[in-house]
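Fold and geometry: a report
So you can see what is in the structure, the chains are spelled out below.
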Amino acid sequence: DQQVKQNSPSLSVQEGRISILNCDYTNSMFDYFLWYKKYPAEGPTFLISISSIKDKNEDGRFTVFLNKSAKHLSLHIVPSQPGDSAVYFCAASASNSGYALNFGKGTSLLVTP
Amino acid sequence: KAGVTQTPRYLIKTRGQQVTLSCSPISGHRSVSWYQQTPGQGLQFLFEYFSETQRNKGNFPGRFSGRQFSNSRSEMNVSTLELGDSALYLCASSSVGWTETQYFGPGTRLLVL
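These notes cover the structure that comes with them. (Residues numbered from 1 in each chain as written. Chains lettered and ligands numbered in written order. Predicted model: local features only at pLDDT ≥ 70, side-chain atom pairs only at ≥ 80, totals over all residues. Heavy atoms only, no water.)

Here's the deal with the overall build of chain A
Stated formally: Strands here are runs of E lasting at least two residues and helices are runs of H or I lasting at least four, both read from the DSSP assignment and numbered beginning at the N terminus. Restricting the calculation to C-alpha atoms gives the radius of gyration, and the globule rule supplies 2.2 Å times the number of residues raised to the power 0.38. Only protein chains enter the area calculation, which uses a 1.4 Å probe; residues under 20% of their type maximum are buried, those over 50% are exposed, and those in between are partly exposed. Contacts are assigned to residue pairs that have any heavy atoms within 4.5 Å of one another. Computed with the Shrake-Rupley method and a 1.4 Å probe, the accessible areas treat only the protein chains shown as cover for residues. Just so you know, the count uses Lys and Arg for positive and Asp and Glu for negative, and it drops His and the chain ends. One atom stands in for each charge, and that atom is NZ of Lys, CZ of Arg, CG of Asp or CD of Glu.
Regarding its fold elements, chain A presents zero helices and eleven strands. Of the regular secondary structure in chain A, the N- to C-terminal order runs β-β-β-β-β-β-β-β-β-β-β. For 113 residues, the compact-globule formula gives about 13 Å, and the C-alpha radius of gyration of chain A, at 13 Å, lands near that figure. With respect to the three principal axes, the spread of C-alpha positions in chain A is 45 × 30 × 20 Å. Per-residue burial over chain A gives 47% buried out of 113 residues. Here the analysis covers contacts within chain A between residues at least 6 apart in sequence; of these, 54% occur between residues at least 24 apart. Summed over all atoms, the accessible surface of chain A reaches about 5300 Å², with 49% contributed by carbon and sulfur. Each charge sign in chain A was given a centre, from 10 positive and 9 negative side chains, and these centres are 3 Å apart.

A short note on the state of the cysteines
Quick reminder of the rule: Cysteine sulfur atoms are paired as a disulfide whenever they come within 2.5 Å of each other.
Under the counting rule described, the total for this entry stands at two disulfides over all chains. A sulfur-sulfur separation of 2.0 Å characterises the disulfide bridge that pairs Cys23 of chain A with Cys90 of chain A. With the S-S dihedral at roughly -70°, the linkage between Cys23 of chain A and Cys90 of chain A falls on the left-handed side. Taken together, the positions of Cys23 of chain A in strand E3 (residues 19-25) and Cys90 of chain A in strand E9 (residues 86-93) put the pair 67 residues apart, joining distant regions of the chain. Each of the two residues, Cys23 of chain A as well as Cys90 of chain A, counts as buried. The disulfide that involves Cys23 of chain B links it to Cys91 of chain B, with 1.7 Å between the sulfurs.

A closer look at the nonpolar core
Put simply, the test is: To define a nonpolar core, start from buried Ala, Val, Leu, Ile, Met, Phe, Trp, Tyr and Cys residues and group those joined through side-chain atoms within 4.5 Å.
One finds Phe33, Trp35, Leu73, Leu75 and Tyr88 of chain A to be the most contacted residues of the largest nonpolar core, which totals 24 residues. Going through the elements one at a time, E3, strand E4 (32-38), strand E5 (45-51), strand E7 (62-67), strand E8 (72-77), E9 and strand E11 (107-112) of chain A are the ones with two or more residues in this core. A total of four residues in this core trace back to one element, the largest contributor, which is E9 of chain A. In terms of nonpolar packing, the next biggest core, distinct from the first, is built from 21 residues, Val32, Leu46, Met76 and Leu81 of chain B among them.

Below you can see the structure in the form of structure tokens.
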């Protein structure tokens, strides 16, 4: 049963514009959320995280927003760059279940020049 | 700091054989988690070890097992390999801390023929 869902398998954005990647979750016990970026033949690279006590976290061009009532989070990349082209995974964990990460199936982002 | 390392990077086995994969976490990290990535199922949690004890386990058959040594290095074993075990096996480590952000290695690509 998929507890973390990324409903858009792919997204194409022009360089310089904003990329918005979305993620929905079903388990209300999740209290820590992360975004990972993955290139082919490499392991996921940690991008940014947010705990359930916050609704926004920024790190440079990356901002994650959390809407607990809607069980929804999003990753904003501004401005998008061609090097951002990769698969982005949303993940969630619950502190009462050993911090096992539950991943979405990923969104493939293509940033075109 | 050196990142998470995994050996071997690639492996070919035949059905019925067994395989052992190795993971060395980031220095100072005491938690090691294992994940399986397949095209159909995405990234799925296998198990997590902390201070040589398994403290969380995903929904995989008993053919999948692991252990952690006193230096935090971890091994994962799959016995009686099946074709469906072909996947990218990822190891992630995290430090002791409530955020528990996990950092991934490059993975071991296993092909079962």
